Structure formats: C-alpha cells, structure tokens
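# Structural characterization, general
Listed here are the chains, written in short residue letters.
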Amino acid sequence: MDTATLCPVTEAELLTAVAAQRDEAVQFLQALVAEPSLLGHEASAQALMARRFAALGLDVRELVIDEAKLKDHPGYSPSIVSYDGRVNVIGVHEPRVARGRSLILNGHIDVVPVGAERLWTRPPFEPWIDGDRLHGRGSNDMKAGIVAYCMALQALQRLGWQPAARVVMQSVIEEECTGNGALACLLDGYTADAALIPEPFDELMSAQLGVMWMTLDVYGVPVHAAVAQTGIGAIEFAQHLVDELRELEAEWNRPERRHPLYCGHDHPINFNLGRIDGGEWSSSVSTHCRVDLRLGFYPGVKPAEVREQVEALIRRVHAAHRARDSVTVDISYHGFQAEGLVVDLQQPALQALMQAHADITGQTAAVRASTATTDVRFFHLYGHIPSTCYGPRGANIHGVDEWVSIDSLQQVTAVLALYMARWCGLETR
C-alpha cells in the first residue's frame, strides 16, 4: 500500500511541532533519568511510562513475564533475578480505520550499574544539563530514545493527526542482560509490519554481534600464605584461563576470520572480564574464584557453537596444566545467550526510515554494524519483522557521566514523527 497519500503533514510542520515541545521533552527525560531503573528496580520508571502512555491516549497494558513460557524458545536467555513485581509496559494506538502499515516502537527502561559514583561529576541519577548535553545514567542508553518516540506521536497529535494504523509502544525490562522482556512481548502476540528501537547509535544499524555471558567457577588448593608455593590459587588459575581465552579472542579478530560487515572495525570481538570475585583471606591461598565474562561473536554463529568452542578450549587448558588433578573448573551460563544478525536495509520499511532521515536532516543516514547486541534480534530472527536501531547521539554509555545530545534527541523525534506519518499514514484525531 502506498501510504504517501495518507501523509498530509510536511517536514517543516513536524520540525516546528517538535521544536515547540523541546522543554517538555527535556523535562520528561530528566524525570525518567531520575528513576534509578536498575535490574530488578524498574517499577517506578515503568509507572512513569504508564502515565505517559495514558496521556498520549494509548491503551495501556502491563505484561507480566512468565519465564516458563520463554524457556523453550531459542531466543531465551537464563534469567538473573526473579520476575516477581516486574512488568513490561505497553501502549497501543488503534486507528478508527486501519489504512496504513503497523509499527512497533520499542525501548528498554533498564539501565546498567553506575560503577564508582566518586568518578561521576554529579550523582548519576540526578540529571544535569551542560550546554547541549543532558547527563545521567540511562540518558542515552536508552531513555532518550523512549522520549523520542513518545514525543514523535505527541507532535503528530498536536498537529491534529494520529496514525492510520496500529502503533505499539513498548517499554521493556532486561534488555541489558537477557532480552527476555522483549521476547515476552513477541510471544504474547505483539507483531507489526515494522519495528524500530531508538538505541543510541546516531546511525542505522546494519548488523549486530552475538553476545554470551559465561561464568567460570574455579576451585583451587588453599594453604597458608607462608607456604603458598605448595598450594594452587583459584584466582591465579582463573586468570590463566582468561589469558588463554584472550588467545581465542585474538584469533576471532584476525582479518581473515572476520565477518564481512566487521572488516572496518578496529577490534570487533571482545571477551570482556566484567566481574571477578575470589579469595577468602589475605594470608590464605584462594580456595574459590568466580569470573563473569561477556563474549562477542559474529552473525551467523549459533550460541551453541560458541559454547562448544569455549568449553573445548577450557578443557584443553585445564588438561595441560600441572595442577589439573587438584583444580576444578565449573562453567555456567546466566544472562545473554544472544545470536547475532545482519539487517537487510533494502527492505521498504528501512528504506522509508532512511528517506525520513534524509528529508529531515538533509543528509544520508550513516550505517554501521554494531559490536553490541540489542532487542532487535527478537523482531528480526524470531518475529520476521523488518527492524533496526536508530536513535539519538550521545556518549559514555555504561561509563561515567553518560550523556545525550538534546539537539540529536529533537532531530530523531522529528525523523520518527515523519516516518510514522508516512509508514502508518495519518487520520484526523
């Protein structure tokens, strides 16, 4: 269906409408950032989203995540904390007469830990503005994107229009560790002709890596530190295993081993040592050490293949060590078991997004393969929905003094409003 005839608004009108909402958008984002929606503590931020969806006139729904319904799905990742009291918040717009194409706008409400607060210029959940930058944990990853899609719909409404197709707005949990929030939406029947996640890429995503979280529990031989040479330290052995895994990381980064879309990246594959917990006493050789790693891998590789390669390496390293009979290594998986993907940017839904970007900004949209993972995999791999990421520009995500550009937030809002108008078509409110 050609929805161009169903889009009576101009780029200039949308830019004006979005500009008029700038202060409101900033205040909305500040309010969201002020809600510390860390893993397991998303309720207050989700309550704010429910109120915002209601103010937009959407049918507001809460989706309780039933892990039993997810466990047999290939996109499921083992959970970390209980789902009790934790929900996805969904807002649904239904047109009077469906003439256009439907759309899902998805964003994750969860944020990562702030790390050492002493390194932040100001408290991470007290958002502050410095020129064009709005700082605070989650400001860029990805509460600005959620603000953008909400304000895009509001801009259309204030011009007297609404989408002439079903639009589903999703505020989901656990994107940062499992993706089970987005998976629950898909399995509950939410589908559409296209889906978009305004992740903080400032460009269109053409691919994303697979990501796996793995835990190694190493048990050594403890002795008094006075005779440390007679024991086997679990911490030292864990470090030995990590060093050997670095060799596999280097192998996967070799130019001849790379996926074609990642040939231009400096270092696409990372085996990140994210956490380490080991030892019991300064004067004792350590009994136990636990290390949590995040392993990246290329599109087209299945998580089971990664587990097989990594486990085989660890077995070889253990068997070759002089202390193999005295040291135990247990391998377990919690969190991401996420497959990578390649996006077909020639799909009409994504070509329309690129055209909207060009018409609003006057520039061709940049395209980049991501070395992270996102919830796009659920739409793409399992829902077979044309989908990608495109969102505001910022920096320091997962780092210190995270920030988002307010101007970029406004620009993305205008692009999303134009895209929604063209893809879904419009009808009078």
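Here the structure is shown first, and the text comes after it.
Note that the structure is a prediction, hence the values are computed from the model and not measured. (Residues numbered from 1 in each chain as written. Predicted model: local features only at pLDDT ≥ 70, side-chain atom pairs only at ≥ 80, totals over all residues. Heavy atoms only, no water.)

### Some points on the side chain of Asp217
As a reminder of what qualifies: A run of H or I in DSSP counts as a helix once it spans at least four residues, and a run of E counts as a strand once it spans at least two, with each numbered from the N terminus. Polar contact is defined as a pair of N or O atoms within 3.5 Å, subject to the rule that within protein one atom must be able to donate a hydrogen and the other to accept it, and that residues adjacent in sequence are counted only when both atoms are side-chain atoms. Contacts: residue pairs with any heavy atoms within 4.5 Å of one another.
Looking at the secondary structure, you find Asp217 in strand 10 (residues 210–219). At 2.7 Å, the side chain of Asp217 forms a polar contact with the side chain of Arg290. Beyond its immediate stretch of four places on either side in the chain, Asp217 contacts His288, Cys289, Arg290, Thr328, Val329, Asp330 and Ser332.

### Some thoughts on the nonpolar core
Rules: In plain words, nonpolar cores are sets of buried Ala, Val, Leu, Ile, Met, Phe, Trp, Tyr and Cys residues tied together by side-chain atoms within 4.5 Å. Under the scheme applied here, a residue whose accessible area is under 20% of the maximum for its type counts as buried, over 50% as exposed, and between as partly exposed, the area being computed with a 1.4 Å probe on protein chains only.
Counting residues in each nonpolar core, the largest one holds 95 residues, and the members touching the most others are Met169 and Met420. Sort the elements by how many residues they give to this core and helix 11 (residues 406–424) lands first, with 13 residues. Membership of the second largest hydrophobic core comes to 34 residues, among which are Ala207, Phe271, Val327 and Val329.

### Considering the environment of Asp375
Mapped onto the fold, Asp375 is located in the loop between strand 16 (367–370) and helix 10 (376–382). The residues touching Asp375, leaving out its near neighbours within four places in the chain, are Asn106, Val172, Glu175, Gly179, Ala182 and Ile197.

### So, the sheet that holds strand 19 (residues 403–405)
Just so we agree on the cut-off: Strands are treated as partners if at least two bridges between them are detected by DSSP. For helices, the axis comes from a line fit to the C-alpha atoms of the stretch in contact; other axes are also lines fit to C-alpha atoms, and the angle between any two N-to-C directions lies between 0 and 180 degrees.
Taken together, 4 strands build an open sheet; the order of strands is 4-5-19-18 and the sheet is antiparallel. Of all the strands in the sheet, just strand 4 (128–130) and strand 18 (394–395) have a single pairing partner and so form its edges. Relative to strand 19, strand 5 (residues 133–135) runs antiparallel, the two sharing 3 bridges. Bridge assignment links His135 to a residue of strand 19, and that residue is Trp403. Seen against the sheet, helix 2 (residues 22–33) touches strand 4, strand 5 and strand 19 and runs at an angle of roughly 25 degrees to strand 5. Those strands touched by helix 5 (residues 139–158) are strand 5, strand 18 and strand 19, and its axis lies near 45 degrees from that of strand 19.

### Brief notes about the pattern of salt bridges
Operational definition: For this document, the term salt bridge refers to a Lys or Arg side-chain nitrogen within 4 Å of an Asp or Glu carboxyl oxygen.
Taken as a whole and judged by the stated rule, the model has 17 salt bridges. Arg158 serves as the salt-bridge partner of Glu24, at 3.1 Å between the closest nitrogen and oxygen. Here Glu24, found in helix 2, pairs with Arg158, found in helix 5; they are 134 residues apart in sequence, far enough to count as distant. Judged by its relative accessible area of 24%, Glu24 is partly exposed. Its salt-bridge partner being Arg254, residue Glu251 comes within 2.9 Å of it at the nearest N-O pair. Among the residues examined, Glu251 registers a relative accessible area of 27% and is labelled partly exposed. Here the salt bridges do not stand alone but share partners, grouping Glu251, Arg254, Glu256 and Arg257 into one network.

Just geometry here; none of it tells us what the structure is for.
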